[in-house]
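# Commentary on secondary and tertiary structure
In case you want the letters, here they are:
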Amino acid sequence: MVFLLPILWLLVACDSTENTTLKKLVVGVVSYGEGARSLEQYAALKEHLGAELKSLIELEPALNEIQAIDQIERQNWDLVFAPPGLAAIAISQAQYVPLLPREGGDQERSVIVVRDDHPAMAIKDLSNTTVALGQRGSAAGYYFPVFNLYGLTLAEIKFGSTPKEVLKWINQGEVAAGALSLAELGQYRADFKDADFRILHRDSHLVPSGAVLIGPDVDNVLQTQLLDALESAAPKTKRSVGYISNAQPPDYEYLIKVVKRVQPIAQRIREKPAPIYESTVVPAP
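Residues numbered from 1 in each chain as written. Predicted model: local features only at pLDDT ≥ 70, side-chain atom pairs only at ≥ 80, totals over all residues. Heavy atoms only, no water.

### Considering the nonpolar core
Side chains of nonpolar character tend, in soluble globular proteins, to be buried together. Residues Leu126, Leu133, Leu149 and Leu154 are the most contacted members of the largest nonpolar core, which totals 51 residues. With sequence-adjacent residues up to four places away left out, Leu133 is seen in contact with Gly141, Tyr142, Pro145, Val146, Leu149, Ile157, Lys158, Phe159, Gly160, Val166 and Ala179. In terms of nonpolar packing, the next biggest core, distinct from the first, is built from 23 residues, Leu25, Leu99, Leu100 and Leu230 among them. (Core = buried A, V, L, I, M, F, W, Y, C linked by side-chain atoms within 4.5 Å. Buried < 20%, exposed > 50% of the residue type's maximum accessible area, 1.4 Å probe, protein only. Contact = heavy atoms within 4.5 Å.)

Now the structure itself:
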């Protein structure tokens, strides 16, 4: 069962003489286990959206991308603040529409990292070794690296809950290599003062930024009102949740192609050994 942290705010004060039925909008975010921080981070925006739209705003922080994918596939969220991998899935598989880009820009890269003393000099050298990836739904930690490892058979793939855990496994020798974003490598490598990490492979494609998405069940009138409300929020409120107003959403065309290429082998790469290619065996009729 998916465990979420539903929090409901009544943000619009109604006069007791009014008999108004308020709309309810469910906003989804990925909290990475920091639900309380998400509530604080999004509080000002929730208040603003509730006042502008005269709606009940329900925030649902998912603990990770796996839980978020489940909610998106069920189309349970009306508005989503999505990282890039999740955005690509929502757009291509659940008919969500991108409204605005999130902060970060198209400057991120996916990298595969080893300890500096590891003998591997190219991706092919990782054949028959254990490699760490991020969770399904992560562009830099999962989709891009699986695409880059395509054609190899690995001894095992371990799935780290955080980029820091991936680096920990590399440093301790539990895995030969691990995947994360270039920014995450820069952020967390300082936590391993006695470790020297080396980039084995840097993907040549830029990872697009995340996006603010709107669900397929939101009608056109409410969609326009939501966009206007997001645009009119105070600059401090926008910064607190990390989205950019008056800007076009990112282009996810290439990332969607990568996601579609990886999905047919998603189950196979959880096997031991892990073949990172599609099966040529034709199932019996």
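There's more to say after this.
### Quick notes on the packing of aromatic side chains
Overall, the coordinates contain six aromatic pairs when judged by the stated rule. Ring geometry for Phe81 versus Tyr243: centroids 6.1 Å apart, planes at 55°, classification tilted. Within this pair, whereas Phe81 is found in strand β4 (residues 79-82), its partner Tyr243 is found in the loop between α8 (235-241) and α9 (253-262), the two being separated by 162 residues in sequence. There is no split in this pair, since Phe81 and Tyr243 are both buried. Between Tyr142 and Tyr143, the ring centres sit 4.9 Å apart and the planes meet at 85°, which makes this aromatic pair edge-to-face. When its relative accessible area of 1% is taken as the criterion, Tyr142 is described as buried. One aromatic cluster is present, formed by Tyr42, Phe81 and Tyr243 through successive ring pairs. Of note, Arg261 hangs over the ring of Tyr150, and the distance from its end group to the ring centre comes to 4.1 Å. When the ring centre of Phe159 is taken as reference, the NZ or CZ atom of Arg270 above it lies at 4.2 Å. (Phe/Tyr/Trp six-rings, centres within 6.5 Å; stacked < 30°, edge-to-face > 60°. Helix = DSSP H or I, 4+ residues; strand = E, 2+ residues; numbered from the N terminus. Lys NZ or Arg CZ within 6 Å of the ring centre and 35° of its normal.)

### Some thoughts on helix α2 (residues 65-73)
Judged by how many residues are buried, α2 sits mostly within the fold: seven of nine residues are covered. Those residues of α2 that fall on the buried side of the exposure criterion are Glu65, Gln67, Ala68, Ile69, Asp70, Gln71 and Ile72. Tucked into the core, α2 has its buried residues touching β2 (23-30), β3 (55-62), β4 and α3 (84-93). With its phi angle positive at about 55°, Gln75 sits one or two positions after the end of α2.

### Describing the pattern of salt bridges
Inspection of every chain in the model, using the stated rule, returns nine salt bridges. Of the charged contacts, one joins Arg115 and Asp117 as a salt bridge, the two residues approaching to 2.9 Å between their closest N and O atoms. The class for Asp117 is exposed, based on a relative accessible area of 57%. Between Lys272 and Glu156 there is a salt bridge; the shortest N-O distance is 3.6 Å. Here Glu156 lies in strand β9 (residues 156-159) and Lys272 lies in the loop between α9 and β13 (274-275), a separation of 116 residues in the sequence. (Salt bridge = Lys/Arg side-chain N within 4 Å of Asp/Glu carboxyl O.)

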